[in-house]
Amino acid sequence: MTAPALLDVRNLQTWFPIRRGLLQRITGHVKAVDGVSFTLHKGETLGLVGESGCGKTTVGRTLLRLIEPTGGQVLFEGRDVISMAGEELRQLRRRMQIIFQDPGGSLNPRMRVGRIVGEPLEVHGVAQGDELRDMVEKLLTRCGLWAAAADRYPHEFSGGQRQRIGIARALALNPSLIVCDEPTSALDVSIQSQILNLLKDLQAEFGLSYLFISHDMAVIHHICDRVAVMYDGKIVEEGTRDDIIRRPQHAYTQRLLAAVPEADPRRPRQNLRLEGAKM
């Protein structure tokens, strides 16, 4: 018998109004997310892949209520996320966290690393004083940094190290689900593999579930169990990692795979064109 899904998204819609004229009347909507549905189980990594502007980041932020949805339903552990408010929503934030794309831009440059990582623990009343310091140091060490890093500022670290700080912050409240919003796209290739391996190790250790958002099919192939392909605000294909990579059915998925750099320059490349594409 299949276990209930940790996350169940049904017909999610996130539309942004288009306003024109002196009175800024609404004349239409940008349908960034338009009828997206998928499930995610405990300990699983679902890759949400597509080019820039397809709506994948909006999906991730809408799930966490960082952006309010226009319609649809989001069930987390059987509870309706969209209807939550007040203390119930605040408690939910302990269970659902996010790792942002830009490790530098997501960290307050005026705060020391210890304060950045420890702030969620303080806000939710988990720890204070020496206990807080000890928990922060353990989080930093587990994410490949050193305890004394807590006393330094974000600008003193490399891009890969700043992303490790972001991961430590996301782990602080012991979440069940982490939305990984292009967590390696701003990093060098060698550092990307280190961060991906860290995420996989943390998943195995803590039983985490990831919604992994990316435009890079090679990264998706490395870390994901299942893949959902987004195009123009909708999911156009979904399946296991091997099915999507080896036997893509939709023309857009085939095009994404054809764009992956080929290691052998002598091997001919496919030049696929998607009918009706806006690019």
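Residues numbered from 1 in each chain as written. Predicted model: local features only at pLDDT ≥ 70, side-chain atom pairs only at ≥ 80, totals over all residues. Heavy atoms only, no water.

A. Molecular detail of the sheet that holds strand β7 (residues 177–181). Spatially, the six strands line up as an open sheet ordered β6-β7-β8-β3-β9-β10, and their pairing is mixed. With partners counted over all chains shown, the strands left at the sheet margins are β6 (96–99) and β10 (234–240), one partner each. Neighbouring strand axes in the sheet, compared pairwise and without regard to direction, differ in orientation by 20 degrees on average. Note that strand β9 (residues 226–231) and β10 share six bridges and pair antiparallel. Directly across from V229, in β10, lies its bridge partner E237. Taken strand by strand, helix α1 (residues 56–63) contacts β3 (45–49), β6, β7, β8 (209–214) and β9, and its axis lies near 150 degrees from that of β8. Its contacts with the sheet place helix α6 (residues 189–206) against β3, β6 and β8, and it is angled at close to 160 degrees to β8. (Pairing = 2+ DSSP bridges. Helix = DSSP H or I, 4+ residues; strand = E, 2+ residues; numbered from the N terminus. Axes fitted to C-alpha atoms, helices over the stretch in contact; angles between N-to-C directions. Contact = heavy atoms within 4.5 Å.)

B. Representation of the side chain of T45. Assignment of secondary structure puts T45 in strand β3. Every residue in contact with T45, bar those within four places of it in the chain, is listed here: L40, Q203, Y210, F212, I223, C224, D225 and R226.

C. Here's a closer look at the sheet that holds strand β5 (residues 79–80). Pairing in this open sheet of four strands is antiparallel, and the strands run β2-β1-β4-β5 from one edge to the other. Here the strands that pair on one side only, and so sit at the sheet edges, are β2 (25–40) and β5. As defined by bridge partners, strand β1 (residues 7–20) adjoins strand β4 (residues 71–76) across five bridges and the pair is classed as antiparallel. Following the sheet pairing, Q13 is matched in β4 by G71.

D. Fine view of the side chain of T253. Take T253: it is sitting in helix α9 (residues 251–258). Within the structure, the side chain of T253 is placed 2.7 Å from the side chain of E237, a separation counted as a polar contact. Those residues in contact with T253, other than ones at most four positions away along the chain, are V229, E237, I244 and P248. (Polar contact = N/O pair within 3.5 Å; in protein donor to acceptor, adjacent residues only side chain to side chain.)

E. Quick peek at the layout of surface pockets. Its volume calculated, the largest pocket comes out at about 420 Å³. When residues of the lining of the largest pocket are assigned to their parent elements, the largest contribution, four residues, is made by helix α3 (residues 113–123). (1 Å grid on protein atoms, 1.4 Å probe; cavity = no way out; pocket = protein on both sides within 12 Å on 5 of 7 lines; lining within 4 Å. Points joined across faces, edges and corners; volume = space filled by probe spheres on them.)

F. Broad picture of the pattern of salt bridges. The full count for this structure, using the stated rule, is 17 salt bridges. Across the pair R226 and E44 runs a salt bridge, and its minimum N-O distance is 2.6 Å. Highlighted residues: R226 in strand β9 and E44 in the loop between β2 and β3, separated in sequence by 182 residues. Residue classification places R226 among the buried residues on the basis of a relative accessible area of 16%. Of the charged contacts, one joins D243 and R247 as a salt bridge, the two residues approaching to 2.4 Å between their closest N and O atoms. (Salt bridge = Lys/Arg side-chain N within 4 Å of Asp/Glu carboxyl O. Buried < 20%, exposed > 50% of the residue type's maximum accessible area, 1.4 Å probe, protein only.)

G. Spatial organisation of the pairing of β8. Of all six residues making up β8, six are buried, and the element is well covered by its neighbours. Neither face of β8 is open: one carries S209, L211 and I213, the other Y210, F212 and S214, and all of them are buried. Pairing of β3 with β8 involves five bridges; the strand directions are parallel. From the neighbouring strand, G47 faces β8, where its bridge partner is F212. Of the strand pairs in this sheet, β7 and β8 are connected by five bridges, and their pairing is parallel. The partner of L177 across the bridge, within β8, is S209. Crossover β7 to β8 through α6 is right-handed. (Right-handed = clockwise from strand over helix to strand, strands pointing away.)

H. Region of the structure containing the state of the cysteines. For the coordinates displayed, the defined rule picks out zero disulfides. For the unlinked cysteine C54, the closest cysteine sulfur is that of C224, found at 14 Å. Free of any disulfide, C180 has its nearest cysteine sulfur in C224, 8.9 Å distant. Overall, the relative accessible area of 0% leaves C180 in the buried class. (Disulfide = S-S within 2.5 Å.)

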